[in-house]
Amino acid sequence: MKAAVLKSIEKLEIEDVPVPALSSQEILIKVKACTICGTDIRVYHHGHKHMRFPRISGHEVSGEIIKIGKRVKGYKIGGKVAVAPAIPCGRCHYCRRGIQSMCINLTAIGYHYDGGFAEFMVVPEDAVRNGCVNLIPPNISFEEAALAEPLACAINGQELSRINLGDTVVVVGAGPLGCIHLQLAKAKGVARTILIELSKERLEFAREFAVPDIVIEPSLEDPIQRVKKETGGRGADKIIVSCPSGKAQEDSLSMVAPRGTINFFGGLPLDKPFIKFNSNLIHYGEFCVVGTHGSAPYHNKLALTLISQGRVKVKELISHRLPLERLEEGLQLAESRKGMKIVINP
Ligand SMILES: [Zn+2]
Ligand SMILES: [Zn+2]
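Every value quoted in this text rests on a predicted model; they were computed, and no experiment measured them.

Conventions adopted
Residues numbered from 1 in each chain as written. Chains lettered and ligands numbered in written order. Predicted model: local features only at pLDDT ≥ 70, side-chain atom pairs only at ≥ 80, totals over all residues. Heavy atoms only, no water. Donors = N, O, S within 2.8 Å, 3.2 Å for Na, K, Ca; no water. Tetrahedral: all angles 85-135°; square planar, octahedral: opposite > 155°, others 65-115°. 1 Å grid on protein atoms, 1.4 Å probe; cavity = no way out; pocket = protein on both sides within 12 Å on 5 of 7 lines; lining within 4 Å. Points joined across faces, edges and corners; volume = space filled by probe spheres on them. Helix = DSSP H or I, 4+ residues; strand = E, 2+ residues; numbered from the N terminus. Nonpolar A, V, L, I, M, F, W, Y, C, P; charged D, E, K, R; others polar. Patch = residues over 30% accessible without salt bridge, like charges linked within 9 Å, V, L, I, M, F, W, Y side chains within 5 Å. Areas by Shrake-Rupley, 256 points an atom, 1.4 Å probe, with all protein chains shown as cover. Salt bridge = Lys/Arg side-chain N within 4 Å of Asp/Glu carboxyl O. Contact = heavy atoms within 4.5 Å. Axes fitted to C-alpha atoms, helices over the stretch in contact; angles between N-to-C directions. Parallel < 35°, antiparallel > 145°, perpendicular 65-115°, else oblique. Left-handed = near helix turned anticlockwise from the far one by under 90°. Buried < 20%, exposed > 50% of the residue type's maximum accessible area, 1.4 Å probe, protein only. Pairing = 2+ DSSP bridges. Phe/Tyr/Trp six-rings, centres within 6.5 Å; stacked < 30°, edge-to-face > 60°. Lys NZ or Arg CZ within 6 Å of the ring centre and 35° of its normal.

**Notes on the coordination of the zinc ion (ligand 2)**
Right, so step 1: Looking at the zinc ion (ligand 2), the protein donor atoms are Cys89 (SG), Cys92 (SG), Cys95 (SG) and Cys103 (SG), and they sit 2.3 to 2.4 Å from it.
Right, so step 2: One can describe the site at the zinc ion (ligand 2) as tetrahedral: its four donor atoms subtend angles covering 101 to 116° at the metal.
Right, so step 3: Mapped onto the sequence, the residues coordinating the zinc ion (ligand 2) show the spacing C-x2-C-x2-C-x7-C.

Right, here's the structure in full:
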């Protein structure tokens, strides 16, 4: 099969490799769509502590089941599925408490196991057993199903941020995930959404597509003052910082309402992970700062449902469709922020 093999840092090669063998507990899928995510770019440049080379990356995957291990139950050949990439063990302290995203033995497709930037992909035993393989509702496409993965991460983020009916929600960053967060917040019945974004182009796209109630361009006005002004001086109930910016994280501490919640949803660059944190703001404001980065299999299933119901639109986020041979170009496009979501069709 054709596969994009990451040989070492920044050394990506398109190769012919054997179709992987299947154990009695695994499923083999023909990959139909695998979308590029910020994590793929990070791994391409820096590798990952859980990743051993050579590795096939790609974790936002959907496809068709073409082979099923003898002991696997509940799936059929020809089944169209989306695969949740974070695989909980099902046995540890957190799994038993229902917090699979924090599984102590968590493994992931694209890191510990080969992922979706290839013609075929094996779904590992623990993934099959713990609900990572979800049937795609008939009215959505493979590319939409692949985008259930980022939506699942947003669902996990908004769950921990306790986004509720009637909240005023600020989303910082109008990338694909910012746009997903805005729609999801509306699906949850928030009263008002405010979007903050530096790039004019992204802001315009999000204004049309995700329709925030208010948009703020930090080059034209002070976002903290404006959020305060829009909320009668209180600040926003919930803030999701959906961009890799320490400055945005610092600003959010000054625009959250008392007893509100901030989610540091975007990770910071590895060489700049520290921010200035005025702890008295929390002391007097009694607000919470949380962070989230992944999701549990259940969130992926829910994401597929929300997409199929049209409550969160993802198709419009796809800016480029590329064959596997052009993966490297896709990674550059995503990194340059010229593209939104880039789909690889192996
Ligand atoms: Zn992702
Ligand atoms: Zn576990």
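**Thoughts on empty space enclosed by the protein**
Right, so step 1: Taken as a whole and assessed by the stated rule, the structure comprises one cavity of 30 Å³ or more.
Right, so step 2: Lining the largest cavity are Leu6, Leu12, Asp40, Tyr44, Ser57, Phe117, Leu327 and Leu331.
Right, so step 3: For the lining of the largest cavity, the secondary structure elements donating two or more residues are helix H1 (38–46) and helix H12 (327–335).
Right, so step 4: Counted by class, the lining of the largest cavity contains six nonpolar, one polar and one charged residues.

**So, a nonpolar patch on the surface**
Right, so step 1: A cluster of nonpolar side chains, contributed by Tyr94, Ile99, Met102 and Ile104, occupies part of the molecular surface with about 350 Å² of accessible area.
Right, so step 2: Turning to its location among the elements, isoleucine 99 is positioned in the loop between helix H2 (93–96) and strand E7 (107–108).

**Quick look at the side chain of histidine 299**
Right, so step 1: Tracing the backbone through its elements, the reader meets histidine 299 in helix H11 (residues 297–308).
Right, so step 2: If sequence neighbours within four positions are ignored, histidine 299 has contacts with Ala152, Ile155, Asn156 and Glu159.

**Considering the layout of surface pockets**
Right, so step 1: The calculated volume of the second largest pocket comes to roughly 240 Å³.
Right, so step 2: Listed by contribution, the elements that provide at least two residues to the lining of the second largest pocket are helix H5 (148–160) and H11.
Right, so step 3: Ranked by residue count, the leading element in the lining of the second largest pocket is H5, at three residues.

**A short note on the packing of helix H6 (residues 176–187) against helix H7 (residues 200–209)**
Right, so step 1: Interhelical geometry of H6 versus H7 gives an angle of 25° and a closest axis separation of 11 Å. By the criterion of interaxial angle, the relationship of H6 to H7 is roughly parallel. Relative to H7, the crossing made by H6 is right-handed. Judged by residue contacts, Pro176, Cys179 and Gln183 of H6 engage Arg202, Phe205, Ala206 and Phe209 from H7.
Right, so step 2: Considering only residue class, the contact of H6 with H7 consists of five nonpolar, one polar and one charged.

**Digging into the coordination of the zinc ion (ligand 1)**
Right, so step 1: Distances from the zinc ion (ligand 1) to its protein donors, Cys37 (SG), His59 (NE2), Glu60 (OE) and Glu149 (OE), fall within 2.3 to 2.6 Å.
Right, so step 2: Taken together, the four donor atoms surrounding the zinc ion (ligand 1) define angles of 77 to 162° at the centre, an arrangement classified as irregular.
Right, so step 3: Spacing between the donor residues of the zinc ion (ligand 1) along the chain follows C-x21-H-E-x88-E. Note that histidine 59 is positioned in the loop between H1 and strand E4 (60–68) and glutamate 149 in helix H5, a separation of 90 residues in sequence.
Right, so step 4: Take glutamate 149: its relative accessible area is 8%, and that puts it in the buried class.

**A short note on the sheet that holds strand E11 (residues 192–196)**
Whenever strands of a sheet pair, they do so through backbone hydrogen bonds, lying parallel or antiparallel.
Right, so step 1: Read across the sheet, six strands follow the order E12-E11-E10-E13-E14-E15 without closing on themselves; strand pairing throughout is parallel. The open sheet has two edge strands with one neighbour each: strand E12 (214–216) and strand E15 (288–291). Pairs of neighbouring strands in the sheet enclose a mean axial angle of 20°, with direction left out of account.
Right, so step 2: With five bridges joining them, strand E10 (residues 168–172) and E11 adopt parallel strand pairing. Note that in E11 the partner of threonine 168 across the bridge is arginine 192.
Right, so step 3: Strand contacts of helix H8 (residues 223–230): E10, E11, E12 and strand E13 (236–241), with the helix running at about 160° to E12, the strand carrying the most contacts.

**A look at the pairing of strand E5 (residues 80–83)**
For a regular strand, side chains alternate in direction, first toward one face of the sheet and then toward the other.
Right, so step 1: Pairing analysis gives four bridges linking E4 to E5, with the strands arranged antiparallel. What sits directly across from valine 61, in E5, is valine 83.
Right, so step 2: By the bridge criterion, three bridges tie E5 to strand E9 (residues 133–135) in an arrangement that is antiparallel. Within the sheet, the bridge partner assigned to valine 81 lies in E9 and is leucine 135.

**Brief notes about unusual backbone geometry**
Excluding glycine, most residues fall at negative phi; most peptide bonds, likewise, are trans.
Right, so step 1: With an omega dihedral of -5°, the bond running from phenylalanine 53 to proline 54 counts as a cis peptide bond.
Right, so step 2: Positionally, proline 54 belongs in the loop between H1 and E4.
Right, so step 3: The backbone of arginine 162 shows a phi angle near 50°, a positive value even though the residue is not glycine.

**Looking at the environment of arginine 162**
Right, so step 1: Checked against the element boundaries, arginine 162 lands in the loop between H5 and E10.
Right, so step 2: Here the alpha-carbon distance between arginine 162 and glutamate 197, two residues 35 residues apart in the chain, equals 23 Å.
Right, so step 3: If near-sequence neighbours (up to four positions away) are discounted, arginine 162 is found in contact with Asp167, Lys238, Thr261 and Cys288.

**Structural notes on the packing of aromatic side chains**
In this description, an aromatic ring pair is defined by two values, namely the gap between the centres and the angle between the planes.
Right, so step 1: One pass over the structure, following the stated rule, counts one aromatic pair.
Right, so step 2: Ring centres 5.4 Å apart and planes at 35° place the aromatic pair phenylalanine 205 and phenylalanine 209 in the tilted group. Here phenylalanine 205 and its partner phenylalanine 209 are both found in helix H7, four residues apart, which amounts to about one turn of the helix.
Right, so step 3: Taking the relative accessible area as the measure of exposure, phenylalanine 205 reaches 28% and is therefore partly exposed.
Right, so step 4: Overall, the relative accessible area of 7% leaves phenylalanine 209 in the buried class.
Right, so step 5: If you follow lysine 30 out to its NZ or CZ, it ends over the ring of phenylalanine 120, 5.7 Å from the centre.

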